[in-house]
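# Overview (structure and organization)
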Amino acid sequence: MSSAAPDTGTDLPPLHRLPVTPARAPHPTTLPDGTPAWLVTRYHDVRQALTDPRFTRGALHTVGTPGGGADVASNPASLFNQDGPAHRRLRSTVQRAFTARAIADWQPWVAEAVQQAVDALAAAGPPADLVTAFTRPVPFAVTTRLMGLDGDGPDHLDAERLRRWTRAVLADGGADTPATQDRSAQDPAQDPESALAEYAAFTAELIARRRRTPGDDLVSRLVHAADQDGGVPEESLVHLVCGLTASGNESVTGALGNALVYLLGERPEHWPRLADPDTTERTTERLLHFIPLGDDEATTRRATEPVGLGGVDIPAGAVLAVNLGSANRDRAVFPDGLDADLDTALPAPTLAFSAGPHYCLGAWRMRLEMRESLRRLATALPGLHLTTPVHRIAWQLGTTTRSPARLPAAW
């Protein structure tokens, strides 16, 4: 089984060249499903909307996107769609699993997984497709080891199964591309509802096994923390493990692929400099800040009471369309933009991972894998370059992320 057919049209710009809504004061707009909302685009306004407890995410899982949107964002059991005591309880459980010590223990084998992929790529020699040879294998190796799915027996998860389940979890309910429509019609196994049910059943059984026989993987840590804390619904725990496995894997694949498109396609002079760890760290932060994972960087919130935001009075009950992409390109805060020196620190914290109570749980992983991948790849292959023009790149579509379907390269 291959991944969904890519769109090979030339009318899609790379994500770093997408036009963004200019940053200005909050103003009325209409969401794709017809819901009236206030569009929030300025950095400081967006940050307030994400951190002010008077703006809530709860009960918004069906608002904004025709067709309901991706399961990862539209399922009411998702951590993303909860607020208040239930959200704090589940978030606290997760934080107990993501301890600083645990993350420090994971770093050496993340670096090892990246280096193994780099060595295999170099040994195979050019030409190569960086997607099949690098941007997919690296996150998959990290995901399966992190979640304890890299062994034999019932816990084993192969790349094709995870890929199919990931596409179901992240399927964009408002984007029925011809490619995804055709595949669903030809292959019943590609039906998103069936795949979601299969994935949930696998995860529920996995959680039950971890209760009986815990290990040192993240699933065991989450189950242990949830059972100690009590009050965490099993459905929420299943959805959490599904999301961390699928979304974490696909997000890193997308971030790596889109970063390579920009670096090798437009900033080749910077590529060899990434052999320096400090340069790579600053570059990684800029890339994650300025290059979105998908074509839509808006999230929604609702005002629980009248709130002043950016000099505008937002009435109680109003929906906000909070645009992270516009905020991250707000010239009042980030005047230099993406094409400035990539070795320069950002003047303010990025909102690429959101902020406040819904700050992305996988931000540490994204940063770590990006840093290790770019530094080790640039060190081993300083002459790496694309062999296809950026405007001819085929894109993987149909989910909340967009990344290269193929990335032909040589060195």
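Residues numbered from 1 in each chain as written. Predicted model: local features only at pLDDT ≥ 70, side-chain atom pairs only at ≥ 80, totals over all residues. Heavy atoms only, no water.

## A short note on the side chain of Glu372
Topologically, Glu372 is positioned in helix H14 (residues 363–380). There is a polar contact of 2.6 Å between the side chain of Glu372 and the side chain of Arg376. (Helix = DSSP H or I, 4+ residues; strand = E, 2+ residues; numbered from the N terminus. Polar contact = N/O pair within 3.5 Å; in protein donor to acceptor, adjacent residues only side chain to side chain.)

## With respect to the packing of aromatic side chains
The tally for this structure, following the rule as stated, stands at eight aromatic pairs. An angle of 45 degrees between the planes, with centres 5.2 Å apart, marks the rings of Trp165 and Phe202 as tilted. Of this pair, Trp165 sits in helix H7 (residues 159–170) while Phe202 sits in helix H9 (residues 192–212), placing them 37 residues apart in sequence. Per residue, the accessibility class of Trp165 equals that of Phe202, and both read buried. (Phe/Tyr/Trp six-rings, centres within 6.5 Å; stacked < 30°, edge-to-face > 60°. Buried < 20%, exposed > 50% of the residue type's maximum accessible area, 1.4 Å probe, protein only.)

## Quick word on the packing of helix H11 (residues 234–266) against H14
For the pair H11 and H14, interaxial distance at closest approach is 10 Å and the crossing angle is 40 degrees. Classified by the angle between their axes, H11 and H14 sit oblique to one another. In this structure, the crossing between H11 and H14 has a hand that is right-handed. On H14, the residues that touch Leu244, Gly248, Asn249, Ser251, Val252, Ala255, Leu256, Ala259, Leu260 and Leu263 of H11 are Arg365, Met366, Glu369, Met370, Ser373, Leu374 and Leu377. Classifying every residue of the contact of H11 with H14 gives 11 nonpolar, four polar and two charged. (Axes fitted to C-alpha atoms, helices over the stretch in contact; angles between N-to-C directions. Parallel < 35°, antiparallel > 145°, perpendicular 65-115°, else oblique. Left-handed = near helix turned anticlockwise from the far one by under 90°. Contact = heavy atoms within 4.5 Å. Nonpolar A, V, L, I, M, F, W, Y, C, P; charged D, E, K, R; others polar.)

## As for the confidence of the model for the protein chain
Atom-level detail of predicted coordinates should not be read off regions where pLDDT is low. Overall, the predicted model of the protein chain reaches an average pLDDT of 88, with 88% of residues at or above 70. Confidence drops under a pLDDT of 50 for residues 1–10, and excluding neighbours within four residues, the segment shows 26 contacts in the predicted structure. (pLDDT = per-residue confidence, 0-100.)

## Description of helix H1 (residues 43–51)
Among the residues making up H1, those that are buried are Tyr43, Asp45, Val46, Ala49 and Leu50. Seen from one end, H1 has its buried residues packed into an arc of 165 degrees, which puts them on one side. Buried residues along H1 sit against strand E2 (36–40), strand E3 (55–56), strand E5 (298–303), strand E6 (307–309), strand E8 (319–323) and helix H13 (324–328). (Arc of directions from axis to C-beta.)

## Focus: the pairing of E8
For E8, a buried count of five out of five residues is recorded, marking the element as mostly surrounded by other parts of the structure. Along E8, one buried face is formed by Val319, Ala321 and Asn323 and the opposite face, lined by Leu320 and Val322, is buried too. One ladder, built from three bridges, connects E2 with E8; its direction is parallel. Residue pairing in the sheet places Val40 in a bridge with Val322 of E8. Two strands pair when backbone bridges link them, and E5 and E8 are joined in this way by five bridges, in the antiparallel orientation. Residue pairing for E8: Arg302 is matched across the bridge by Val319. (Pairing = 2+ DSSP bridges.)

## Remarks on the nonpolar core
Counting 67 residues, the largest nonpolar core has Trp271, Ile314, Leu320 and Leu377 as its most contacted members. The element contributing the most residues to this core is H11, with nine residues. Excluding residues that lie within four positions of it along the chain, Ile314 makes contacts with Trp38, Phe55, Ala303, Glu305, Pro306, Val307, Leu309 and Leu320. Counting residues in each nonpolar core, the second largest holds 43 residues, with Trp106, Val219, Leu222 and Val223 among its members. (Core = buried A, V, L, I, M, F, W, Y, C linked by side-chain atoms within 4.5 Å.)

## Points about the sheet that holds E2
With respect to topology, five strands assemble into an open sheet ordered E1-E2-E8-E5-E3, the strand pairing being mixed. With one partner strand each, in any of the chains shown, strand E1 (27–30) and E3 form the two edges of the open sheet. Pairing analysis gives four bridges linking E1 to E2, with the strands arranged antiparallel. Along E2, the bridge assignment pairs His27 with Leu39. The sheet strands contacting H1 are E2, E3, E5 and E8, and the helix crosses E8 at an angle near 125 degrees.

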